[in-house]
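# Examination of the molecular architecture
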Amino acid sequence: MKKRISILGSTGSIGTQSLDVARKHGYRVEALTAGSNVELIEKQIREFRPKKAALLNADAAEDLKIRTADLDVRILSGEEGICECAENTEADTVINSIVGLAGLRPTLSVLNAGKDLALANKESIVAGGRLVLNAAKKSGAKILPVDSEHSAIFQCLEGKPGNRALKKIILTASGGPFFGRTREDLKDVTVAQALAHPNWSMGAKITIDSASMFNKGLELIEAVRLFGVTPDRVDIVVHRESIVHSLVEYDDNSVIAQLGVPDMRIPIQYALTYPDRYESPVPELDLAAAANLTFFKPDYDTFDCLNICREAAGKDGLMPAAVNSANEEANLLFRQEKITFLQIPELIREAASHAVNREEFTAQDVFELDAQMRSLVRAGV
Ligand code: NAD
Ligand code: MG
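Reading the values: rules and limits
- Here the residue index of a chain counts from 1 through its sequence in written order.
- Starting at A for chains and at 1 for ligands, labels are handed out in the order in which the entities are written.
- In keeping with the model being predicted, local features are shown solely for residues with a pLDDT of at least 70 and side-chain atom pairs are shown and tallied solely at 80 or more, while totals for entire chains, interfaces and linings include all residues.
- Only heavy atoms go into the side-chain values, all of them from the structure, while hydrogens and water stay out.
- Residues with no salt bridge and a relative accessible area higher than 30% make up the patches, which join like charges within 9 Å and nonpolar side chains (Val, Leu, Ile, Met, Phe, Trp, Tyr) within 5 Å.
- Only the protein chains shown count as cover for residues, and all accessible areas are computed by the Shrake-Rupley method using a 1.4 Å probe.
- Each reported salt bridge corresponds to a side-chain nitrogen of Lys or Arg within 4 Å of a carboxyl oxygen of Asp or Glu.
- Think of it this way: any DSSP run of H or I at least four residues long counts as a helix, any run of E at least two long counts as a strand, and we number them from the N terminus.
- Relative accessibility under 20% of the residue-type maximum defines a buried residue, over 50% an exposed one, and the middle range a partly exposed one, all with a 1.4 Å probe and only protein chains included.
- For every domain, the bounds stem from an assignment made automatically or drawn from a database.
- We call two residues in contact when some of their heavy atoms are within 4.5 Å.
- Axis definition: a line fitted to C-alpha atoms, limited for helices to the stretch in contact. Angles are taken between N-to-C directions and run from 0 to 180 degrees.
- By definition in this entry, angles of less than 35 degrees are roughly parallel, angles greater than 145 are roughly antiparallel, angles of 65 to 115 are roughly perpendicular, and the rest are oblique.
- Only Asp, Glu, Lys and Arg are considered charged, only Ala, Val, Leu, Ile, Met, Phe, Trp, Tyr, Cys and Pro nonpolar, and every remaining residue, Gly among them, polar.
- Aromatic pairing here means that ring centres of Phe, Tyr or Trp (its six-membered ring) are within 6.5 Å. Orientation follows from the plane angle: under 30 degrees is stacked, over 60 is edge-to-face, and everything else is tilted.
- A ring has a charge above it when a Lys NZ or an Arg CZ is no more than 6 Å from the ring centre and no more than 35 degrees off the ring normal.
- Strand pairing is assigned whenever DSSP detects at least two bridges linking the two strands.
- For the handedness criterion, the strands are oriented away from the viewer, and a crossover whose path from the first strand over the helix to the second runs clockwise is classed as right-handed.
- A cutoff of 4 Å decides nearness: a residue is near a molecule or strand if any of its heavy atoms lies inside that distance of it.
- As used in this structure description, the phrase polar contact means that two N or O atoms lie within 3.5 Å; if the pair is within protein, one of them must be able to donate a hydrogen and the other to accept it, and residues adjacent in sequence are counted only when both atoms belong to side chains.
- Only N, O and S atoms count as donors, using a 2.8 Å limit from the metal and a wider 3.2 Å limit for Na, K and Ca, and since water is excluded some coordination spheres may look unfilled.

Further remarks concern a nonpolar patch on the surface. Residues Leu 259, Leu 287, Leu 293 and Phe 295 make up a contiguous nonpolar surface patch of about 330 Å² in total accessible area. Locating Leu 259 in the fold gives a position in strand S11 (residues 255-259). Using a relative accessible area of 35% as the deciding quantity, one classes Leu 259 as partly exposed.

When the parts come together, some accessible area is lost, and that loss is often what is quoted as the size of the interface. Domains assigned within the chain are domain 1 (4-145), domain 2 (150-262 + 286-303) and domain 3 (317-381). A straight line from the C-alpha centre of domain 1 to that of domain 3 covers 26 Å. On the domain 3 side, the residues contacting the 11 residues of domain 1 number 15 residues. For the pair domain 1 and domain 3, the interface holds one salt bridge. As a salt-bridge pair, Glu 359 and Arg 130 come within 3.9 Å of each other at their nearest N and O atoms.

At a closest axis distance of 7 Å, the pairing of helix H14 (residues 304-315) and helix H15 (residues 319-335) adopts a crossing angle of 150 degrees. With respect to H15, the axis of H14 lies roughly antiparallel. Here H14 contributes Ile 308, Ala 312 and Lys 315 to the contact with H15, which in turn contributes Met 319, Pro 320 and Val 323. Taken together, the residues that form the contact of H14 with H15 break down as five nonpolar, no polar and one charged.

What follows deals with the packing of aromatic side chains. Evaluation of the coordinates by the stated rule reveals six aromatic pairs. Each ring, one from Phe 154 and one from Tyr 270, has its centre 6.3 Å from the other, and the planes form 65 degrees; the classification is edge-to-face. Of the two residues, Phe 154 sits in helix H8 (residues 148-156) while Tyr 270 sits in helix H12 (residues 265-273), which places them 116 residues apart along the sequence. No difference in accessibility class separates Phe 154 from Tyr 270, as the two residues are buried. With centroids separated by 5.1 Å and ring planes inclined at 50 degrees, the aromatic side chains of Phe 179 and Phe 296 adopt a geometry described as tilted. Remark: Phe 296 occurs in the loop between helix H13 (287-290) and H14 and Phe 179 occurs in the loop between strand S8 (166-173) and helix H9 (191-194); sequence separation between them is 117 residues. Given a relative accessible area of 36%, Phe 296 falls into the partly exposed group. By the ring-pair criterion, three or more aromatic residues cluster together here, those being Phe 154, Tyr 270 and Tyr 274. Between Arg 105 and the ring centre of Phe 367, over which it is positioned, the NZ or CZ distance is 4.1 Å.

Neither face of strand S5 (residues 93-96) is left uncovered, since the one carrying Thr 93 and Ile 95 and the one carrying Val 94 and Asn 96 both have all their residues buried. Sheet analysis places strand S1 (residues 4-8) next to S5, joined by four bridges and oriented parallel. Its bridge partner being in S5, Ser 6 is matched across the sheet by Val 94. Bridge count for S5 against strand S6 (residues 116-119) is four bridges, and the pairing is parallel. Counted as the bridge partner of Ile 95 is Ala 118 from S6. For the handedness criterion, the β-α-β arrangement of S5, helix H5 (residues 104-112) and S6 is classed as right-handed.

As a further point, take the site of ligand 1. Ligand 1 sits among 23 residues. The nearest are Thr 11, Ser 13, Gly 35, Glu 123 and Gly 203. Interatomic distance of 3.2 Å between a backbone N/O atom of Gly 9 and an oxygen atom of ligand 1. In the environment of ligand 1, an oxygen atom lies 3.1 Å from a nitrogen or oxygen atom belonging to the backbone of Gly 12. Of all the secondary structure elements, the ones that give two or more residues to the shell around ligand 1 are helix H1 (13-25) and helix H6 (122-128). Grouping the amino acids of the shell around ligand 1 by side-chain chemistry returns 11 nonpolar, nine polar and three charged. Each of domain 1 (4-145) and domain 2 (150-262 + 286-303) accounts for three or more of the residues forming the shell around ligand 1.

With that settled, consider the coordination of the magnesium ion (ligand 2). A metal bound by six donors in octahedral fashion has ideal angles of 90 or 180 degrees, whereas one bound by four tetrahedral donors has an ideal angle of 109.5 degrees. Ligation of the magnesium ion (ligand 2) by protein atoms is provided by Asp 147 (OD), Glu 149 (OE) and Glu 219 (OE), these donors lying 2.1 to 2.2 Å from the ion. Within one chain, the residues donating to the magnesium ion (ligand 2) are spaced in sequence as D-x1-E-x69-E. Residue Glu 149 is located in helix H8, and its partner Glu 219 is located in helix H11 (residues 214-227); the two are separated by 70 residues in the primary sequence. Judged by relative accessible area, Glu 149 falls into the buried class, the value being 8%. Residue classification places Glu 219 among the buried positions, given a relative accessible area of 1%.

Encoded structure:
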């Protein structure tokens with residue numbers, strides 16, 4: 001039977017690449033959602049004919065309703081509408097490619113409905129922690145990683161997810177546009193410089209997170225959650241070429257890696273076809289053309305976001321949510337040119353120092369903490 005999927009965040013970088021995969025394999029698309037990009041979602045609706053679609057923005061949703069009046073599609077709005085698209089369709093797998101903590105409620109909706117979750121929205125598993133893992137456990141739904149590093153680890157562990165012989169995970173990082181720079185060099189880098197990622201074309205928020213290395217910090221916490229290891233068993237290595245997407249080391253010191261050209265459609269497709277593999281729209285890897293694969297230790301002194309996330313991972317509970325929310329606000333303020341690049345980690349540390357940690361928490365607690373962290377970051381400017 002044809003695979004049925006829904007895509008949350010369909011107008012973004014991961015969302016549009018997910019639709020490429022759906023187009024190639026003729027998947028049935030049950031629902032699409034986005035923030036406010038009416039033009040693009042209308043085009044997507046006309047091509048893929050989902051039964052439901054939602055926009056976060058109510059005015060944009062009204063506009064979309066008028067534009068698609070000739071089609072058999074229900075247009076919804078707000079977070080509620082997005083969650084309705086996440087849970088109440090015939091899709092068997094839902095791709096969450098929303099950016100930021102805004103993806104948490106939809107992630108929980110998908111899992112509570114017992115649908116498999118192809119997860120690009122790392123912020124929801126970082127901040128939601130056990131809430132997300134328990135929702136999956138309770139309904140029996142699978143969480144399939146879309147993040148390229150986690151897809152790589154998942155592939156290296158193939159068939160043995162809870163492998164007891166797994167010694168450590170080695171997460172690769174491109175190092176972003178500021179690899180090799182000192183703190184002094186980073187004092188007055190501009191938004192345009194931070195947005196110029198050497199290997200990947202991605203949404204603005206994750207591109208800035210890559211420049212500050214907060215993205216790798218989020219991925220460290222994501223790996224801890226997805227693969228059930230302690231943070232000290234996740235190493236980070238800088239690999240400029242983004243060809244080796246991550247590695248695992250077993251007790252016998254055998255190291256297994258997953259390689260491929262840097263194109264997100266490989267991990268997106270694998271999350272949809274697991275455990276099977278099919279032809280993909282991505283070109284073959286030409287190892288001789290790649291020639292040199294280089295590896296370096298990350299610079300924890302210059303990129304304090306790595307330490308911030310490691311510390312939060314060690315404390316667990318609500319601390320990953322605290323640093324994630326503080327970063328979302330600092331990342332935004334930097335993009336708006338209201339703070340400097342080096343203020344990002346400073347403001348996160350300051351805000352998170354006021355967070356009260358708790359082992360047990362609800363989604364409401366995460367959202368209250370989010371509001372507190374964001375206002376502390378703004379107050380620190
Ligand atoms: P993007 O900004 O290109 O797209 C985000 C999508 O979410 C858009 O469709 C947008 O309309 C929607 N959206 C934005 N804010 C929303 C909100 N508040 N509520 C509902 N919908 C909202 O982002 P992206 O680069 O595609 O990244 C999406 C997620 O995937 C992020 O969590 C990112 O970390 C992760 N990811 C991205 C890449 C990549 O290559 N782009 C790689 C790995 C992981
Ligand atoms: Mg990644």
